[in-house]
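Remarks on the overall topology
Read off the chains here:
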Amino acid sequence: MRRHLRAHLVSLALAGFVLVLSACSGGASEQAATSYTAAEVQDAAATAMAAIESVHFDVTRSGADVTIDDTGLVVFESASGRFAAPRSADAVVAVDLMGNRVELGAVALDGVLYLTDPLTGAWQDATGTIDFDPATIFSVDEGIAAVLASGMADTSLRTAEPDDDGLLHLTGTVSPDDVATLTSGLVSEPATAEVSIDAATSLVRTITFDTPLDNGVASWLVELSDYGADVTIEPPDLGDG
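Here is a short report on the structure shown in this document. (Residues numbered from 1 in each chain as written. Predicted model: local features only at pLDDT ≥ 70, side-chain atom pairs only at ≥ 80, totals over all residues. Heavy atoms only, no water.)

Let's talk about the overall build of the protein
- Scanning the protein from terminus to terminus reveals 4 helices and 11 strands.
- When burial is assessed residue by residue, the protein has 42% of its 241 residues classed as buried.
- Counted over contacts in the protein with a minimum sequence separation of 6, partners at least 24 positions apart contribute 51%.
- Counting only carbon and sulfur atoms, one obtains 53% of the accessible surface of the protein, whose full area is about 12,700 Å². (Helix = DSSP H or I, 4+ residues; strand = E, 2+ residues; numbered from the N terminus. Buried < 20%, exposed > 50% of the residue type's maximum accessible area, 1.4 Å probe, protein only. Contact = heavy atoms within 4.5 Å. Areas by Shrake-Rupley, 256 points an atom, 1.4 Å probe, with all protein chains shown as cover.)

Structure below.
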């Protein structure tokens, strides 16, 4: 009888020890979880984006057509390219030209824009002829860093903790001028934007927003990756196809 009682007491003690370990483990997990405020996330992201040296970007439009020239014949579809600080970018720009998908080469260097001719493929200086400059998206003075620092109002977080991918989702209103920056000069309309931000690095991963236009609503997706890659952007040889 005494032997059975001793075994029973040992079992109870072990069970209690397991419960204590579980409680401690749960407490440590709860203590490790970090809650964020919208202001903290916004400020940290603005600082991180102002310090980037390079990044790969993809900008995609869906919904209502957005033209990039005065004739209204060239409709922007997407751009995929690279940025290098302080103000240079190159990209492949996909457009719809009178029902045909055409890809243009684009290089933006300190406010000078070069594009390839859609028919010959030759490089041309297109500065001032087309409202498109992808380098402005990342300019410290007016790009994403500046939008986060002072141009995004009424911000809130979807949740106070990162999602399963380690991202925080910041939502806020953006002015027409800042929307113009985010769309490389293509659209100037107010919008509500959602920005996904890596909680570990405070770097922006995606930006999504809609812009109401006379011909409908254009939806935008900006995706950012490969921060810090080795990127060198040179001016193209004009006339070379």
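Observations regarding empty space enclosed by the protein
- Under the counting rule described, the total for this entry stands at 1 cavity of 30 Å³ or more.
- Space inside the largest cavity adds up to approximately 50 Å³.
- Mapped onto the lining of the largest cavity, the elements with two or more residues apiece are α3 (144-151) and β9 (191-198).
- When residues in the lining of the largest cavity are grouped by element, the largest group, 3 residues, is from α3.
- Of the residues in the lining of the largest cavity, the class split is 9 nonpolar, no polar and no charged. (1 Å grid on protein atoms, 1.4 Å probe; cavity = no way out; pocket = protein on both sides within 12 Å on 5 of 7 lines; lining within 4 Å. Points joined across faces, edges and corners; volume = space filled by probe spheres on them. Nonpolar A, V, L, I, M, F, W, Y, C, P; charged D, E, K, R; others polar.)

Some thoughts on the packing of helix α2 (residues 38-50) against α3
- Axis separation between α2 and α3 bottoms out at 8 Å; the angle between their running directions is 155 degrees. Put simply, α2 runs roughly antiparallel to α3. Where α2 crosses over α3, the two elements pack in a sense that is left-handed. For the pair α2 and α3, the contacting residues are Q42, A45, A46, M49 and A50 in the first and I144, A145, L148 and A149 in the second.
- When its residues are assigned to classes, the contact of α2 with α3 shows 8 nonpolar, 1 polar and no charged. (Axes fitted to C-alpha atoms, helices over the stretch in contact; angles between N-to-C directions. Parallel < 35°, antiparallel > 145°, perpendicular 65-115°, else oblique. Left-handed = near helix turned anticlockwise from the far one by under 90°.)

Notes on the layout of surface pockets
- Taken as a whole, the largest pocket spans an internal volume of roughly 190 Å³.
- Forming the walls of the largest pocket are 15 residues, and the residues nearest its centre are L104, L115, T116, P118 and I130.
- Listing elements by their share of the lining of the largest pocket, those giving two or more residues are β3 (88-97), β4 (100-109), β5 (112-116) and β6 (123-125).
- In terms of residue class, the lining of the largest pocket is made up of 10 nonpolar, 3 polar and 2 charged.

As for the pairing of β3
- The buried fraction of β3 amounts to 8 of the 10 residues, a majority that puts the element mostly inside the structure.
- As consecutive antiparallel partners, strand β2 (residues 74-84) and β3 are separated by 3 residues.
- Two strands pair when backbone bridges link them, and β3 and β4 are joined in this way by 10 bridges, in the antiparallel orientation. Paired with L97 across the two strands is N100, which belongs to β4.
- Counted along the chain from β3 to the antiparallel partner β4, the turn is 2 residues long, and its residue M98 has a positive phi close to 50 degrees. (Pairing = 2+ DSSP bridges.)

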